[in-house]
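An overview of the molecular structure
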Amino acid sequence: MVYKTFLDDVCLAVAARLGDSFSVSLQQIPKNNGVLSDSLCIQKPPSPVSAAIYLGHFFEEYRNGMPLSSITSEILDLYRSHSLPPAFRPEQFLSFETCRKNLACKLINTSRNQTALSSIPHIPFLDLSIVFCIFTESEDEIFTSLVNNSQIKLWGITEDELFIQAKANSMLLFPPVIRELDEVIREMISPDGRKQPKEEKEASAPIQEEKPLIYVLTNTKGVNGAYSMLYPGVLESFAQAAGSDLVIIPSSIHEVLLIPQESDMDYSDMDDTIREVNQNEVPTEDHLSDHTYFYSRMSGRIFLPSGISAKLP
């Protein structure tokens, strides 16, 4: 009841501050993995586009004692500072020719998105699905919208034609990046966001440089980067350089971890860790999978733990 009252009060407060020239409403926005996010949608006619501001974070601030007036001001500041990029044109959604260069691929979990997949074009890949987004980029943000079945019917194209275009765009617009995990972690914990120098250690014997065990594969934007593992040649080149097959850890929809395969690995422990991390550390809408995948250099295929495999699409 407190949460519902908070949502209603925020909606009324924002509407009062903006005035009659704006339309303000509460909506549940569907996200990945069946997540519904309570959002405040703000629209200024005659524009058909609404800005959706997720309210979960603001409710936590409210529970921690922030006054409703301060939360209203935060929401308005967020709305005014995150306007749509100048290049965004709603009419581009109506024509394949006007948005074809803005199409890209995304990888999601199939079983957790059955409802969404019934209304959007998708390509099955093992227990995952390749779906398609129209993206628009501003200086510091990427706006995405899932392509749905009504759109490709309006465009007069097939699912295969959509995949060919989005696949070609993805590798050009979101190039793959593979980095050592410890380097990524050092940058995350650095106060200024820059790479931290490795700790120097005294040694009485010659130091031999060891290859890092775990690598992060994503794209240059760090958004929907798990699809990078399906780029032509990416896993093949990395596996050849590593001299081994690969274990693929589905960290999230935004990245995967690559580990050169060794004979003494305990995959059941890995799967337990993946499930635990997903449950406690990864937002539900960012979950990709709860188990490992395997890449074979010899076959060029990705395998499930059950042994079912598929070639890269």
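That block above? That's the structure.
Residues numbered from 1 in each chain as written. Predicted model: local features only at pLDDT ≥ 70, side-chain atom pairs only at ≥ 80, totals over all residues. Heavy atoms only, no water.

1. Brief notes about the sheet that holds strand β13 (residues 301–303)
An order of β8-β9-β11-β10-β12-β13-β14 is seen for the seven strands of this open sheet, with the pairing classed as antiparallel. Every other strand in the sheet has two partners, leaving β8 (176–180) and β14 (309–311) as the edge strands with one partner each. Strand-to-strand twist of the sheet, defined as the mean angle between neighbouring strand axes without regard to direction, takes the value 30°. Together, β8, β9 (215–219) and β11 (255–260) form the strand contacts of helix α8 (residues 181–189), whose direction differs from that of β8 by roughly 85°. (Pairing = 2+ DSSP bridges. Helix = DSSP H or I, 4+ residues; strand = E, 2+ residues; numbered from the N terminus. Axes fitted to C-alpha atoms, helices over the stretch in contact; angles between N-to-C directions. Contact = heavy atoms within 4.5 Å.)

2. Let's talk about the pairing of strand β4 (residues 103–109)
The element β4 is largely enclosed, with a buried count of seven among its seven residues. Across the two faces of β4 the burial is the same, with Leu103, Cys105, Leu107 and Asn109 and Ala104, Lys106 and Ile108 all buried. Of the pairings in the sheet, the one linking β4 to strand β6 (residues 128–137) comprises seven bridges and is antiparallel in character. Of the residues in β6, the one forming a bridge with Leu107 is Ile130. (Buried < 20%, exposed > 50% of the residue type's maximum accessible area, 1.4 Å probe, protein only.)

3. Some points on unusual backbone geometry
Residues Pro45 and Pro46 are joined by a peptide bond in cis, for which omega reads 10°. Mapped onto the elements, Pro46 comes out in the loop between β2 (36–43) and β3 (50–54). Of note in this structure, Asn33 is not a glycine but carries a positive phi near 60°. Looking at the secondary structure, you find Asn33 in the loop between β1 (23–30) and β2. Judged by relative accessible area, which is 10%, Asn33 ranks as buried. The backbone of Leu126 sits at a positive phi, close to 55°, despite the residue not being glycine. Taking the relative accessible area as the measure of exposure, Leu126 reaches 22% and is therefore partly exposed.

4. A closer look at the packing of aromatic side chains
Applying the stated criterion to the full structure yields eleven aromatic pairs. Between Phe22 and Tyr79, the aromatic rings sit 6.2 Å apart at their centres with planes inclined by 80°, giving edge-to-face as the arrangement. Taken together, the positions of Phe22 in the loop between α1 (2–18) and β1 and Tyr79 in helix α3 (residues 68–81) put the pair 57 residues apart, joining distant regions of the chain. The same class applies to Phe22 as to Tyr79, namely buried. (Phe/Tyr/Trp six-rings, centres within 6.5 Å; stacked < 30°, edge-to-face > 60°.)

5. Comments concerning the nonpolar core
Membership of the largest hydrophobic core comes to 44 residues, with the highest contact counts inside it found for Ile130, Phe132, Trp155, Met229, Leu235 and Ile248. The element contributing the most residues to this core is β6, with five residues. For Met229, the residues in contact, after removing those within four places along its chain, are Leu107, Leu128, Leu217, Leu235, Ile248, Val256 and Leu312. Residues Phe6, Val24, Leu40 and Ile75 belong to the second largest nonpolar core, which totals 18 residues. (Core = buried A, V, L, I, M, F, W, Y, C linked by side-chain atoms within 4.5 Å.)

Everything listed here is a matter of coordinates, which is why it stays silent on function.
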